[in-house]
Amino acid sequence: MRSADILRFARDAATGYPLRTSLSVLAMAIGVAAVVVLTALGDGARRYVVEQFSALGSNLVIVLPGRSATGGFSPANAVTTTPRDLTVDDAFALTRQPSVRRVAPLAVGNSEINANGRLREVVVAGTTSTYLDIRSFNMAQGAFLPEADWNRGAPVAVIGSKIKQEIFGAAPAVGELVRLGDRRLRIVGVLKSVGQGLGMNTDEVVFVPVSVAQNMFNSNTLFRVLIEARSRGEIEAVKQEAAAVLKARHGGEEDITVITQDAVLATFDKLLRALTAAVAGIAAISLAVAGILVMNVMLVAVTQRTGEIGLLKALGARGATIRNAFMAEAAMLSLVGAFTGYGLGLLGAFVLRRMYPVFPAYPPDWAVIAALGTALGTGLLFGIMPARRAARLDPVQALMKH
Amino acid sequence: MSLIRLAGIERVFHLGDSTVHALNRLDVAIESGEYVAIMGPSGSGKSTLLNLLGLLDRPDAGSYHLEGRDVTTLSPDEQAAVRSRRIGFVFQSFHLVPRLTAAENVALPMMLAGIPAAERTQRVAQALKDFGLDRRADHRPDQLSGGQRQRVAIARATIMQPAVLLADEPTGNLDRATGDDVINLLEALNQRGMTLIVVTHDQKIGSRARRQLMMEDGELRHDSLRDGALPAA
Ligand SMILES: Nc1ncnc2c1ncn2[C@@H]1O[C@H](COP(=O)(O)OP(=O)(O)OP(=O)(O)O)[C@@H](O)[C@H]1O
Ligand SMILES: [Mg+2]
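Conventions used here
- Residues numbered from 1 in each chain as written.
- Chains lettered and ligands numbered in written order.
- Predicted model: local features only at pLDDT ≥ 70, side-chain atom pairs only at ≥ 80, totals over all residues.
- Heavy atoms only, no water.
- Helix = DSSP H or I, 4+ residues; strand = E, 2+ residues; numbered from the N terminus.
- Rg over C-alpha atoms; globule rule 2.2 N^0.38 Å.
- Buried < 20%, exposed > 50% of the residue type's maximum accessible area, 1.4 Å probe, protein only.
- Areas by Shrake-Rupley, 256 points an atom, 1.4 Å probe, with all protein chains shown as cover.
- Lys, Arg positive; Asp, Glu negative; His and termini not counted.
- Charge placed at Lys NZ, Arg CZ, Asp CG, Glu CD.
- Expected span 1.5 Å × (residues − 1).
- Polar contact = N/O pair within 3.5 Å; in protein donor to acceptor, adjacent residues only side chain to side chain.
- Contact = heavy atoms within 4.5 Å.
- Buried area = accessible area lost by both parts, 1.4 Å probe.
- Salt bridge = Lys/Arg side-chain N within 4 Å of Asp/Glu carboxyl O.
- Nonpolar A, V, L, I, M, F, W, Y, C, P; charged D, E, K, R; others polar.
- Core = buried A, V, L, I, M, F, W, Y, C linked by side-chain atoms within 4.5 Å.

### A closer look at the overall build of chain A
Assigned secondary structure in chain A consists of 13 helices and 10 strands. For a compact globule of 402 residues, the expected C-alpha radius of gyration is about 21 Å, and chain A comes in at 33 Å, more than 25% above that figure. Across the 402 residues of chain A, 48% fall into the buried class. A total of about 18,800 Å² of accessible surface is found on chain A, and carbon and sulfur atoms cover 60% of it. Seen as two clouds, the 40 positive and the 30 negative side-chain charges of chain A have centres 10 Å apart.

Written out as structure tokens, the structure is:
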């Protein structure tokens with residue numbers, strides 16, 4: 001029997017029993033759609049995080065105080081216990097390195113802002129004028145912290161858009177005096193809203209000169225030092241320079257950790273990829289279930305069409321021909337189901353993107369290929385048994401069933 | 001050389017503890033172009049014999065030569081090829097594929113044999129015309145009368161121009177008049193040289209054949225060729 005005829009015969013057989021055909025197509029479609037939508041969600045989450053990181057600013061190297069656990073435990077480190085403070089002078093020393101474009105120290109603490117008769121808890125971030133460019137933020141009103149000696153900052157503050165909204169409403173904030181903890185500061189600028197970011201929400205932060213923040217919290221150490229490399233290729237150089245400079249300044253001790261945005265990103269990326277794969281795996285179970293359903297449907301088909309199988313044998317069909325016809329039918333059910341499911345999945349992802357525009361819910365290619373492959377594979381795999389059963393039927397017995 | 005030569009054929013069915021000798025040491029030879037009626041009481045082994053002749057079943061003992069070739073020793077695929085090219089079946093219950101049209105049903109053996117679609121279409125059209133079914137080509141079996149269905153089945157059985165046509169109670173599901181039409185059709189085919197073997201309960205139909213084989217308890221009791229005409233009952 002010619003392949004084209006086998007396919008046509010299988011197609012007619014499938015469409016000849018619309019109910020059972022549509023049921024197994026539906027099961028397969030749901031399985032594939034589940035994989036597509038769930039991986040779109042997982043991969044969307046990954047992309048979202050990646051985008052958020054990119055929004056941190058490009059070519060960023062971050063210095064934090066203390067040795068990271070990944071550095072390994074050494075007795076020498078253990079003896080000299082407490083790390084030295086990561087100070088503003090340390091940060092300033094980094095500005096002189098060749099691969100460094102900009103440096104911004106960051107000291108963070110909590111306080112209360114009191115202005116316009118309102119009181120509110122806020123996060124206070126002490127930094128310098130360079131911070132604005134490193135983070136690529138924009139001003140809504142006024143200007144960012146002025147350029148000044150890092151150790152002698154003016155009594156000024158820049159507030160996030162949400163704080164501005166909550167305290168001043170529509171009234172202008174720039175030029176107003178506010179009380180932050182026990183300080184009186186003048187507002188010089190309002191940041192443009194950047195929405196929910198990773199970590200702290202910048203819209204709810206009050207930025208002050210780093211020296212003001214350190215006085216306020218009575219602490220010398222910085223929370224982070226953000227360094228922007230001159231180019232992407234110089235990130236590694238910046239890492240080395242920062243480590244070397246700070247080691248020298250800290251009496252030869254490696255008591256800081258330098259991380260790059262890339263490294264953090266890679267970790268998140270890996271984590272979320274694993275998560276997506278896991279979700280895909282769980283969704284794939286529904287494909288296996290669909291495969292079993294296809295098998296059942298095909299077994300029913302073999303029983304239902306026993307007389308027909310006997311007839312085909314009487315008319316000279318070889319066992320292989322009958323097996324191929326039933327395999328082709330199972331493959332068609334899976335294939336149509338898989339592509340229907342793919343369509344449904346894309347539609348689902350589209351709806352997700354419409355509902356959450358910030359969330360790039362696109363299914364990854366590998367998931368689509370895997371889902372279609374698994375659907376076809378399971379369909380064929382589970383089609384083998386019924387097809388062989390059909391091929392092995394005793395023609396005399398089969399013909400008696402009608 | 002006989003078209004069909006059976007020697008010492010036995011077919012035994014085991015049902016639990018009991019064994020049924022459906023065919024018992026059967027020796028028959030049928031020449032090309034013969035018109036044979038197989039008759040006998042229910043359970044006498046007529047259908048079993050026909051299935052064996054059609055290579056749908058294998059004997060437990062004995063040999064079967066078709067056109068001089070021992071076909072009992074062939075592999076299943078070789079037997080399928082013989083069924084495809086040399087044997088045509090007509091069944092009591094027509095056995096048409098319900099989702100296929102009359103034309104598609106007739107084309108089925110050619111499709112299974114891998115004959116190209118263009119040739120199929122042409123041969124099916126000719127066959128439907130020969131059997132007076134050209135206006136029913138696109139009808140599905142449930143849109144056809146019993147007689148028309150059996151005509152489609154006969155067209156299908158003969159489309160590959162087999163050497164022998166095997167019919168098990170071809171009129172069993174038909175009324176007298178349509179049954180006679182079908183028999184006339186089969187006899188016309190026989191007159192054009194096709195060997196015709198018909199299993200029937202119907203004395204009248206059986207007596208129209210030139211040769212009668214009377215079966216009883218799996219044995220051949222009477223062969224009109226060997227023993228002369230049937231004793232008047
Ligand atoms: N698959 C089987 N298993 C067991 N016994 C069987 C089988 N097929 C046939 N037989 C037995 O073999 C004997 C012959 O059966 P067969 O069908 O050939 O009879 P028949 O002459 O065609 O009868 P009828 O006129 O009723 O169609 C019967 O006793 C039947 O019960
Ligand atoms: Mg019978």
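### Thoughts on helix α6 (residues 176-191) of chain B
Residue and element names in this part refer to chain B. The terminal C-alpha atoms of α6, which comprises 16 residues, lie 22 Å apart, in line with the 22 Å expected from a rise of 1.5 Å per residue. For α6, the complete set of buried residues consists of G179, V182, I183, L185, L186, E187, L189 and N190. Near the N-terminus of α6, the side chain that reaches the backbone nitrogen of A177, with its oxygen 3.2 Å away, is that of D175. Trailing α6 by a residue or two, G193 shows a phi angle of about 110°, which is positive.

### Digging into the interface of chain B and chain A
Each partner contributes residues to the interface: chain B has 24 residues there, and chain A has 28 residues. When chain B packs against chain A, the two sides together hide about 2,300 Å² of surface, and 62% of this comes from carbon and sulfur. Taken as a group, H95, R99 and L112 of chain B account for 32% of the area that chain B buries against chain A, more than any other trio of residues on that side. Run the count over chain B and chain A and you get three salt bridges. Among the ionic pairs, E308 of chain A bridges to R99 of chain B, the shortest N-O distance being 2.8 Å. There are seven residue pairs in polar contact (both at pLDDT 80 or more) connecting chain B and chain A. Residues of the side of chain B that touches chain A, tallied by class, amount to 12 nonpolar, five polar and seven charged.

### Some points on the nonpolar core
Soluble globular proteins tend to pack their nonpolar side chains together in the buried interior. Core analysis: the largest hydrophobic core is formed by 74 residues, its most contacted members being F326 of chain A together with I4, L53, Y64, L108 and I197 of chain B. Element by element, the count of residues in this core is highest for helix α9 (residues 261-304) of chain A, at eight residues. For I4 of chain B, the contacting residues outside a window of four places in its chain are V28, A29, I30, L53, Y64, H65, L66, V164 and I197 of chain B. Among the nonpolar cores identified, the runner-up in size contains 39 residues, and F94, V106, A107 and L174 of chain B belong to it.

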